[in-house]
Each structure stands twice: as structure tokens, then as C-alpha cells.
Amino acid sequence: MDNLRRRDNLTGPAPCCGMPEATPPASALRNEPLHRFFKAVTQAFWQQGLRLMRTEGIDGLFPGAAPLLLHLGDEDGLALSELARRCDLESSTLTPIVDELERQGLAARARDPEDRRVVRLHLTETGRATAPRLRALLLGLQETALTGISDADLQTLHSVLERIAANLNQASHLAEE
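What counts and how
Every chain is numbered on its own, with residues counted from 1 as its sequence reads. Two thresholds apply to this predicted model, a pLDDT of at least 70 for residue-level local features and 80 or more for giving and counting side-chain atom pairs, whereas whole-chain, interface and lining totals are computed over all residues. Side-chain measures were taken over the full set of non-hydrogen atoms in the model, leaving aside hydrogen atoms and water. The helix count covers DSSP runs of H or I at least four residues long, the strand count covers runs of E at least two residues long, and both are numbered beginning at the N terminus. The buried label goes to any residue with under 20% of its type's maximum accessible area, the exposed label to any with over 50%, and the partly exposed label to all in between, with areas taken from a 1.4 Å probe on protein chains only. Note on contacts: a residue pair qualifies if any of its non-hydrogen atoms lie within 4.5 Å across the two residues. Whenever a carboxyl oxygen of Asp or Glu lies within 4 Å of a side-chain nitrogen of Lys or Arg, that contact is scored as a salt bridge. Residues enter patches when they are more than 30% accessible in relative terms and free of salt bridges; like-charged ones are connected within 9 Å and nonpolar ones (Val, Leu, Ile, Met, Phe, Trp, Tyr) within 5 Å. Note on areas: these come from Shrake-Rupley sampling with a 1.4 Å probe, and a residue is covered only by the protein chains present in the view. Strands were regarded as paired on the criterion that DSSP finds at least two bridges between them.

Another point: the overall build of the protein. Helix and strand counts for the protein stand at 7 helices and 3 strands. Each helix and strand of the protein, ordered N terminal to C terminal, gives the series α-α-α-β-α-α-β-β-α-α. Within the protein, the fraction of its 177 residues that count as buried is 24%. When contacts within the protein are restricted to residue pairs at least 6 apart in sequence, those whose partners lie at least 24 apart make up 50%.

What follows is the structure in C-alpha cells.
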């Protein structure tokens, strides 16, 4: 049984310290854990996305690199720091992704001529040809994912997900204080 669900014995002492075990909040008891749903949707989306990418000849690109390619397709030559910010990635995570984009011949790093401390990422000719194809593929996949979902349900979904994110961000900020 899931570790977030109520166990039959919640009032007895915890096995490790003799203190009563805490009861999970009611919200954790009324539904399956949210992280499982988020993970399932993400995995299904990217499994199908990878299959479509391979079918369309976009070989070697992996899901983590797709947002970078799409941002560069919108605005080529972004500073790595700005690209990391837009993709919500740490530089230690961004670096191997950029390395892979370079290995695939989709992008190339270059120092900014006006400020040599800044490294910018530019799409290669292959990257410029791939970015719009990838965008179209992912938008089509999104349409497939939303098939049969009404506009009202989609609006509700957006509102609920935004509220969940806001709740978690608020909790994070309160913990930092």
C-alpha cells in the first residue's frame, strides 16, 4: 500500500521511537498521490513524443533538450544563464544538455563579442531546421493529449494546477523564512 495512505495502525507507537505516528492529512487520504499522476502524464507524453520524433527523423534529441531547442527557435543566441532561467534549470544540469545539443550538431556555444564573460547558444543550420518541426510535433501531441477534454474542463485543469503550484511555492517560501 502507498506510504502516503492511511495504514490500519496509525494510533500505535512508531516502531523507531515509541512516539505516536502522525496521521497524514485528509487531502492525502482522499485521492492517489498527485506526484504519481504528474509522473504518469509526463512519462506518457514524452514516450509518445520520442516515438514521434524518431518517426519524423528527429533522432538523438531527448526530452530534456527539447525546451532549449524551442527557446532558441524563438530567440536564437540566448545567454546560457538566460536559457537556464527560462527552462528553470541549474547550470550544472544545463551544461550536459548543451553538450549533447552540440554533439548532435543542433547548437553551438559562442562567446558574446561585447562581453566575453557571457556564453551564448546559437542554433546551427540543422538546429534552425529542427526547431519548427519539433514545435509542430509537440503541439500536435498536445492536441492529441487533450482530445475529448472540453474547453471548460481544460480551463478547470489549468486553474487547479496553477493553484497547486501556488500552494507549493507558498509553502516553500514560508519554509525559507
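Moving on from the coordinates now.
This part covers the pattern of salt bridges. Within the structure shown, the criterion is met by 9 salt bridges. With a shortest N-O distance of 3.0 Å, glutamate 100 and arginine 103 are connected by a salt bridge. Separated by 3 residues within a single helix, glutamate 100 and arginine 103 lie in helix α5 (residues 91–103), roughly one turn from each other. For arginine 103, a relative accessible area of 60% gives the class exposed. In this structure, the salt-bridge partner of aspartate 115 is arginine 117, at a minimum N-O distance of 2.9 Å.

This brings us to a nonpolar patch on the surface. There is a patch of nonpolar side chains on the surface, built from Leu34, Phe37, Phe38, Leu157 and Leu161 and spanning about 440 Å² of accessible area. Taken together, the elements giving at least two residues each to the nonpolar patch come down to α2 (34–55) and α7 (151–176). With 3 residues, α2 is the largest single contributor of residues to the nonpolar patch. Note on placement: phenylalanine 38 falls in helix α2. For phenylalanine 38, a relative accessible area of 37% puts it in the partly exposed group.

Right, let's talk about the pairing of strand β3 (residues 119–123) for a bit. Residue alternation in β3 divides its side chains into a buried set, Val119, Leu121 and Leu123, and an unburied set, Arg120 and His122. Two elements, strand β2 (residues 107–111) and β3, share 5 bridges in a ladder whose sense is antiparallel. Among the inter-strand pairings, alanine 110 is bridged to a residue of β3, identified as arginine 120.

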